[in-house]
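# Structural features, examined
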Amino acid sequence: MAPGAHADVLVIGGGIIGLAVAWRAAQRGPGNVVVVDPTPGGGAARVAAGMLAPVTELQYGEEPLLRLGMASNERYAAFAAELTEASGGLDTGYRQCGTLAVALDSDDREELRELHAFHQRLGLNSTWLTGREARKLEPMLAPGVRGGLHVADDHQVDGRRLLKALLAACERANVALHRTEAVELLVEDGRAVGARLGTGETLTAEQVVLAAGPHSHLLPGLPEGVLPAIRPVKGQILRLRIPEAYRPFLSRNVRAVVRGRHLYLVPREDGELVIGATTEEQGYDTTVTAGGVYELLRDAHELVPGITELPLVETSAGLRPGSPDNAPLLGPTGLPGLVAATGHYRNGVLLAPVTADLVAEYLATGEVPELARPFAPTRFSPARSTTKAVA
Ligand code: GLY
């Protein structure tokens, strides 16, 4: 479909959320789906470690988000398998490895003990281990590790492979990819009706899905108050390579509280080891800094001293899209014709399957699925407020 034409569904933003929604929308109907993005397959998921960790990343007061995250985690195996088939055989790096979350000093252990107690109150699958038991699972851990949690159902996927597979699946499902910017949302008679593109052409649409991460609220033409500001939260991250002779090195995701700072190490089956991530609120800056790299290496070295032997192959930084309550915006907005799929903050990779299913269902039926209701984009507008997502 050439720009200037009409789409049934126009998705603005071709990161992991936009592509997953476009793929599912093309499968379900109605009609033709277009994605507009100058670099589809980019965004935060290209940088992310790809931990699928609804239980070990749980924060107090975020039970609705936990339900959504667990629902997505449960869908992941089937989602990844279907995507591999739909993309013509591309592997997503989905790995059911579980996660070990460990503590380095007694304060860190107290923090994890509280998390474990919270897990138990919620009936989650989470087992307390002594330091010795943790090191038995992961012998590369420092002798000083003071204990931790084993969560057998928090897994991993490779965000870059996933994006590649989603792009291929979209193309095979006849999703049209326009490699240009959406420079203006077109609104007529109080309804979103399409977008003006960077090429100067216009594309009209029955429904517009805004999936532009931390740029979502900045789209010119978007009426004031329809979306809250989505703040960019920078994460710096490292990629190391585990030589064959050192493997497995680590057998599962390892998270840690290191003197109050949070860190994670995600070992992939292909030998990549991802170490992340900083959390910085400094606007739209994605500079990799010496301080960011130093802090990650310092804490990772304290946790797993052997990492200093490994080649450091990449440093990068991405922007997490944070909504005011850190939960995503899913479904119809206060502007008829405009649907949001944004604000996934730390959970974009995890929440991609469930977001795609829920938004595609809404696009096809006009009904907001029950699971999406706590995440109504209208919750930030007092006049239209429904259920608050995060207490
Ligand atoms: N979910 C991991 C992160 O945002 O750093």
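Our subject in this report is the structure included herewith. (Residues numbered from 1 in each chain as written. Predicted model: local features only at pLDDT ≥ 70, side-chain atom pairs only at ≥ 80, totals over all residues. Heavy atoms only, no water.)

What follows concerns unusual backbone geometry. The phi angle of most residues is negative, glycine excepted, and most peptide bonds adopt the trans form. Look at the link from R247 to P248: it is a cis peptide, with omega at 15°. Residue G276 is joined to A277 through a cis peptide bond whose omega torsion reads -20°. Mapped onto the secondary structure, A277 falls in the loop between β15 (272-276) and α6 (290-303). Even without glycine at this site, N326 takes up a positive phi of about 65°. Mapped onto the fold, N326 is located in the loop between β16 (312-322) and β17 (329-332). You will see that Y345, though not glycine, has its phi angle at about 50°, which is positive. Relative to the helices and strands, Y345 is located in the loop between β18 (338-342) and α7 (348-365). Given a relative accessible area of 14%, Y345 falls into the buried group. (Helix = DSSP H or I, 4+ residues; strand = E, 2+ residues; numbered from the N terminus. Buried < 20%, exposed > 50% of the residue type's maximum accessible area, 1.4 Å probe, protein only.)

End to end, α6 covers 20 Å across 14 residues, agreeing with the expected 20 Å (1.5 Å per residue, within 8%). Within α6 the residues assigned to the buried category are G292, V293, L296, D299, A300 and L303. Here the buried residues of α6 occupy an arc of 145° about the axis, which is enough to place them on one side. Facing away from the buried side of α6 by over 90 degrees, the exposed positions are A290 and Y294. (Expected span 1.5 Å × (residues − 1). Arc of directions from axis to C-beta.)

Once that is clear, we can look at the site of the ligand. Taken together, the neighbourhood of the ligand is formed by E57, Y264, A277, R320 and R346. Between R320 and the ligand, the recorded distance is 2.7 Å, taken from a side-chain N or O atom to an oxygen atom. Here a nitrogen atom of the ligand sits 2.8 Å away from a polar atom, N or O, in the main chain of R346. Compared with its free state, where it exposes 200 Å², the ligand has 88% of that area covered by protein. Taken together, the residues that form the shell around the ligand break down as two nonpolar, no polar and three charged. (Near = heavy atom within 4 Å. Polar contact = N/O pair within 3.5 Å; in protein donor to acceptor, adjacent residues only side chain to side chain. Areas by Shrake-Rupley, 256 points an atom, 1.4 Å probe, with all protein chains shown as cover. Nonpolar A, V, L, I, M, F, W, Y, C, P; charged D, E, K, R; others polar.)

Core analysis: the biggest nonpolar cluster contains 50 residues, and I16, L162 and L166 have the highest contact counts within it. Contributions of two or more residues to this core are made by β1 (6-12), α1 (16-28), β2 (33-36), α2 (63-86), α5 (159-172), β18 and α7. Per element, the largest residue contribution to this core is ten residues, and it comes from α7. Apart from the residues within four sequence positions on either side, L162 is in contact with I16, Y76, F79, L83, T92, V157 and V349. Counting residues in hydrophobic clusters, the runner-up holds 26 residues, among them L100, V145, I275 and A300. (Core = buried A, V, L, I, M, F, W, Y, C linked by side-chain atoms within 4.5 Å. Contact = heavy atoms within 4.5 Å.)

Moving on: the pairing of strand β6 (residues 148-151). Along β6, one buried face is formed by G148 and H150 and the opposite face, lined by L149 and V151, is buried too. Looking at chain direction, strand β5 (residues 127-129) and β6 are connected through three bridges and run antiparallel. Residue L129 lies in a different strand from β6, and its bridge partner there is G148. (Pairing = 2+ DSSP bridges.)

Time to look at the pattern of salt bridges. Per the counting criterion, the structure on display carries 22 salt bridges. Its salt-bridge partner being K234, residue D285 comes within 2.9 Å of it at the nearest N-O pair. Taken together, the positions of D285 in the loop between β15 and α6 and K234 in strand β12 (residues 231-241) put the pair 51 residues apart, joining distant regions of the chain. Judged by its relative accessible area of 1%, K234 is buried. Here the residues in one salt-bridge network are D158, R161, R239, R268, D270 and E272, joined through shared partners. (Salt bridge = Lys/Arg side-chain N within 4 Å of Asp/Glu carboxyl O.)

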